[in-house]
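Residues per chain, in single letters:
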Amino acid sequence: MRRKSAAEKKAIGTYRPSRDKRSPQFVSANSLRAPAYVRLNKLAHAEWKAVAPLLEAEGILKQTDISLLASYTILYSRWREAADDVSTNGQTLTVISTTRTGRTEKPITNPAVRNEVVYQAAMMRAAVKFGLNPLDRPRLETSPFDKDDDSTPKDDISEYEFE
């Protein structure tokens, strides 16, 4: 059996432009969806839902930035998990070991404390890229074409002399 053409599908009422391979498929600005590995992580997906619409409304989040935002949200979820572990188990743990000379208890630093610090530092470095910190917002580079005025940047080469 051969496939029906677009004209035949339109005639019988089953034509769907989204399934037509010949029509161009454009990604709209509102379709910036979290990757699957972010959607599987509840904390990361919640942070995505909180941050992505705001960044998109400001014009900061583009299709090419999805992996960076995904990295930020995954780091956020790991930071929160480490913080929850520290609040549950405390900053120190007691390691009990039994040797031939007897039983010893030794307090050690909870590994989640270090993880919390590492994840927070990495998360903040990623957040700087999006201007999530108030001090970093003015540092974001914006394209001269994104401004509201109708002027375009011009290269003034008249000041250079060519020999």
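Structural notes, computed from the coordinates. (Residues numbered from 1 in each chain as written. Predicted model: local features only at pLDDT ≥ 70, side-chain atom pairs only at ≥ 80, totals over all residues. Heavy atoms only, no water.)

### Examining the packing of helix α4 (residues 66-89) against helix α5 (residues 111-130)
Applied cut-off: Only the contacting stretch of a helix is used when fitting its axis, a line to C-alpha atoms as for every element, and angles between N-to-C directions run 0 to 180 degrees. What counts as a helix is a DSSP run of H or I of at least four residues, what counts as a strand is a run of E of at least two, and both are numbered from the N terminus. An angle below 35 degrees is treated as roughly parallel, one above 145 as roughly antiparallel, one from 65 to 115 as roughly perpendicular, and anything else as oblique. Note: crossing handedness is left-handed where the near helix turns anticlockwise from the far helix by less than a right angle, and right-handed where it turns clockwise. In what follows, a contact means two residues having at least one pair of non-hydrogen atoms within 4.5 Å. Residue classes follow a fixed rule: Ala, Val, Leu, Ile, Met, Phe, Trp, Tyr, Cys and Pro count as nonpolar, while Asp, Glu, Lys and Arg count as charged, and any other residue, Gly among them, counts as polar.
Remark: α4 packs on α5, axes separated minimally by 8 Å, with the N-to-C direction vectors making an angle of 150 degrees. By the angle between their axes, α4 is roughly antiparallel relative to α5. Classified by chirality, the crossing of α5 by α4 is left-handed. On α5, the residues touching L68, L69, Y72, L75, Y76, R78, W79, A82, A83, D85 and V86 of α4 are A112, V113, N115, E116, Y119, Q120, A122, M123, A126, A127, K129 and F130. Considering only residue class, the contact of α4 with α5 consists of 17 nonpolar, two polar and four charged.

### Some remarks on the pattern of salt bridges
The criterion, for reference: Whenever Lys or Arg places a side-chain nitrogen within 4 Å of a carboxyl oxygen from Asp or Glu, that contact is recorded as a salt bridge. For every residue, the accessible area (1.4 Å probe, protein chains only) is compared with the maximum for its type, and the residue is labelled buried under 20%, exposed over 50%, or partly exposed between those bounds.
Enumeration according to the criterion identifies two salt bridges in this entry. Residue R2 pairs with E8 through a salt bridge whose shortest N-O separation is 2.7 Å. A relative accessible area of 59% places R2 in the exposed class. According to the relative accessible area criterion, E8 is partly exposed, its value standing at 29%.

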